[in-house]
Amino acid sequence: MRHLAVIPGDGIGKEVVDVGLEIIDAISEISSFDYDAELFDIGSERYLRTGELITEEDFDDLGKKDAIYFGAIGDPRVKPGILEKGILLNMRARFDQYINLRPVTSWHPFVPLKKHFDFDICFLRENTEDFYMGAGGTFRNGRDARVTVKRKLYDLQMDLHPVSSSDDEYAFEIGLLSRKGIERFADHAFRTAIKRGEDRITLVDKANVCTSIYGMQREIFEARSKEYGIALDYMYVDAMAMAMIVRPHTFGTVAVPNLFGDILTDLGAQLQGGLGMGASGNINPEGVSMFEPIHGSAPDIAGQGKANPIAAVLAAKMMLDQLGYEEMGTLIQNAVRKCLDDGKFTRDLGGTLTTAEAGIEIKKAVLAQK
Ligand code: ATP
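Residues numbered from 1 in each chain as written. Predicted model: local features only at pLDDT ≥ 70, side-chain atom pairs only at ≥ 80, totals over all residues. Heavy atoms only, no water.

Asker: Any details on the overall build of the protein? Residues and values, ideally.
Answerer: Across its full length, the protein carries 12 helices and 12 strands. Relative to its length of 370 residues, the protein is compact, with a C-alpha radius of gyration of 22 Å against a globular reference of 21 Å. Along the three orthogonal principal directions, the C-alpha set of the protein runs to about 70 × 50 × 40 Å. Buried positions account for 52% of the 370 residues belonging to the protein. Roughly 17000 Å² of accessible area belongs to the protein as shown, and the carbon and sulfur atoms make up 52% of that amount. Of the charged side chains in the protein, 42 are positive and 56 negative; the average position of the first set lies 3 Å away from that of the second. (Helix = DSSP H or I, 4+ residues; strand = E, 2+ residues; numbered from the N terminus. Rg over C-alpha atoms; globule rule 2.2 N^0.38 Å. Buried < 20%, exposed > 50% of the residue type's maximum accessible area, 1.4 Å probe, protein only. Areas by Shrake-Rupley, 256 points an atom, 1.4 Å probe, with all protein chains shown as cover. Lys, Arg positive; Asp, Glu negative; His and termini not counted. Charge placed at Lys NZ, Arg CZ, Asp CG, Glu CD.)

Shown next, in the form of structure tokens:
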């Protein structure tokens, strides 16, 4: 018996998670997958009602689950950043979900490329380090430079742009990688490639410019490459952005640091047909992972039955995969493919179905595989 936490959240999050739960239910009907699901009231409504984002009690309860199934958060009534930082980023940090898993799969005919490529890229974005650690600040001509690192940056700035007036102002953001952080990231990347039956991985960076952090990353990945007996290809992030458009079919497992991963995986989302198709996992291979569609709460279409539920359904598939039920995950993937082939989808893809109707079709296609 697997124990799932469900956080539908806000806006279309609720609508697409409803569909995802129906699909998980269908899977449990036709397979050995047995589960219970506990609903958590976390999101803007509760925040506006009580001022609470996520409590220690929530964390305790969530920490006892096998996985978290998440919809979306976001609300025009709440200042941007409050819910994202207070809930989503907080949860990723608390459960140390250090890998962001973003598959990029071709779902023809929704691939917006002129050429027909079949691709199945597994993006692994490091989720805790790099330029997103929040290690930044501002200071004014040295007067506020209290710590060494700021001092150093100030000196550097002085060399680059000699300060003429006493009120010059600076801002900085540090990209930081740790040996331990890179090692666990690399281990997961090589293990993923092995699981996918691949003999090489691609590491994306900008080691020709950010030589310190990405130099260390290369050194560690190289050592791991020998240990695992899996080849390692390097791509600079700018070249990677181009390659994803002209030869997406040549990539399998791709490891990418946090900031570049944020950008490349959104490019990837468009390659598979848009926001309504992209799913993501925030993974802690040794702990509690969280699965979600990549889109937000989309207040503009919420409550109108317009949301494409496929991203959330594919997030449920990834959750089953992660829990060790890959065969059931494949049933979901097949069902989605069948609905797309048969023209049974929502309006964002050019179809006619509502969210619930699309869900019913996917469910039928799951059950048909019994
Ligand atoms: P948030 O701040 O919560 O991220 P947002 O509106 O900025 O919200 P998204 O929710 O990701 O960003 O959506 C951007 C646009 O994409 C929406 O306005 C909506 O029209 C469209 N969209 C997003 N998800 C879906 C979906 N599942 N189905 C159909 N359209 C979608």
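Asker: Before we move on, can you summarise the packing of helix H11 (residues 326-341) against helix H12 (residues 355-367) with the specific residues and values?
Answerer: Running from N to C, H11 and H12 cross one another at 125°; their axes reach a closest spacing of 8 Å. By the angle between their axes, H11 is oblique relative to H12. Crossing angle aside, the handedness with which H11 passes H12 is right-handed. Side by side, H11 and H12 meet where Leu 331, Ile 332, Ala 335, Val 336, Lys 338 and Cys 339 of the first sit next to Glu 361, Ile 362, Ala 365 and Val 366 of the second. Residues of the contact of H11 with H12, tallied by class, amount to eight nonpolar, no polar and two charged. (Axes fitted to C-alpha atoms, helices over the stretch in contact; angles between N-to-C directions. Parallel < 35°, antiparallel > 145°, perpendicular 65-115°, else oblique. Left-handed = near helix turned anticlockwise from the far one by under 90°. Contact = heavy atoms within 4.5 Å. Nonpolar A, V, L, I, M, F, W, Y, C, P; charged D, E, K, R; others polar.)

Asker: An account of the pairing of strand S2 (residues 35-39) is needed here, citing residue identities and associated values.
Answerer: In the sheet, strand S1 (residues 2-9) pairs with S2 via five bridges, with the strands oriented parallel. Residue pairing in the sheet places His 3 in a bridge with Asp 36 of S2. Between S1 and its parallel partner S2, the chain crosses via helix H1 (residues 12-30), and the hand of that crossover is right-handed. (Pairing = 2+ DSSP bridges. Right-handed = clockwise from strand over helix to strand, strands pointing away.)

Asker: Residues and numbers for the nonpolar core, please.
Answerer: Core analysis: the biggest nonpolar cluster contains 87 residues, and Ile 24, Tyr 69, Phe 123, Phe 221, Met 240 and Leu 340 have the highest contact counts within it. Of the residues forming this core, the biggest block, 10 residues, is contributed by H1. Inspection of this core shows a minimum of three residues originating in each of domain 1 (1-97 + 285-370) and domain 2 (111-130 + 175-271). Those residues in contact with Phe 123 that lie beyond four places of it in its chain are Asn 100, Leu 101, Arg 102, Val 104, Met 240, Met 244, Val 254, Val 256, Leu 264 and Thr 265. Ranked by size, the runner-up nonpolar core spans 18 residues in total, among them Ile 54, Phe 59, Ile 87 and Val 288. (Core = buried A, V, L, I, M, F, W, Y, C linked by side-chain atoms within 4.5 Å. Domains from an automatic or database assignment.)

Asker: Tell me about helix H10 (residues 310-322), and name the residues and values.
Answerer: Here H10 contains 13 residues, and its C-alpha end-to-end distance of 18 Å stays within 8% of the 18 Å for a straight helix at 1.5 Å per residue. Counted residue by residue, H10 has 12 buried out of 13 residues, so it is predominantly covered. All of the buried residues along H10 are Ile 310, Ala 311, Ala 312, Val 313, Leu 314, Ala 315, Ala 316, Lys 317, Met 318, Met 319, Leu 320 and Asp 321. (Expected span 1.5 Å × (residues − 1).)

Asker: I'd love a proper account of the site of the ligand, names of residues and values included.
Answerer: Gly 296, Ser 297, Ala 298, Asp 300 and Asn 308 are the nearest of the 15 residues found near the ligand. Here an oxygen atom of the ligand and a backbone polar atom of Ala 298 are 2.8 Å apart. Notes on the ligand: free accessible area 610 Å², of which the protein chains cover 65%. A breakdown of the residues in the shell around the ligand according to their chemical character gives seven nonpolar, six polar and two charged. (Near = heavy atom within 4 Å. Polar contact = N/O pair within 3.5 Å; in protein donor to acceptor, adjacent residues only side chain to side chain.)

Asker: How would you explain the packing of aromatic side chains if you had to name every residue and give the values?
Answerer: In this structure the tally under the stated criterion is eight aromatic pairs. With 4.8 Å between their ring centres and 75° between their planes, Phe 33 and Tyr 325 make a pair best called edge-to-face. Placement of Phe 33 in the loop between H1 and S2 and of Tyr 325 in the loop between H10 and H11 is noted, with a sequence separation of 292 residues between them. For Phe 33, a relative accessible area of 2% gives the class buried. Pairing Phe 190 with Tyr 228 gives two aromatic rings, centres 5.4 Å apart and planes at 10°, and the pair type is stacked. Taken together, the residues span a long stretch of sequence, with Phe 190 in helix H6 (residues 179-195) and Tyr 228 in helix H7 (residues 211-228) at a distance of 38 residues. (Phe/Tyr/Trp six-rings, centres within 6.5 Å; stacked < 30°, edge-to-face > 60°.)

Asker: An account of helix H9 (residues 258-271) is requested, with residue identities and associated values reported.
Answerer: Because each turn of an α-helix spans 3.6 residues, side chains separated by three or four positions in sequence point in the same direction. Relative to the 20 Å expected for 14 residues at 1.5 Å per residue, H9 spans 20 Å between its end C-alpha atoms, a close match to the ideal helical length. Every buried residue belonging to H9 is among Asn 258, Phe 260, Gly 261, Leu 264, Thr 265, Gly 268, Ala 269 and Leu 271, and all of these are buried. Of the surrounding secondary structure, the elements contacted by the buried residues of H9 are strand S4 (99-105), strand S5 (120-126), strand S8 (200-205), H7, helix H8 (237-246) and strand S10 (253-256). Note on H9: the residue one or two positions beyond its end, Gly 273, has a positive phi of about 115°.

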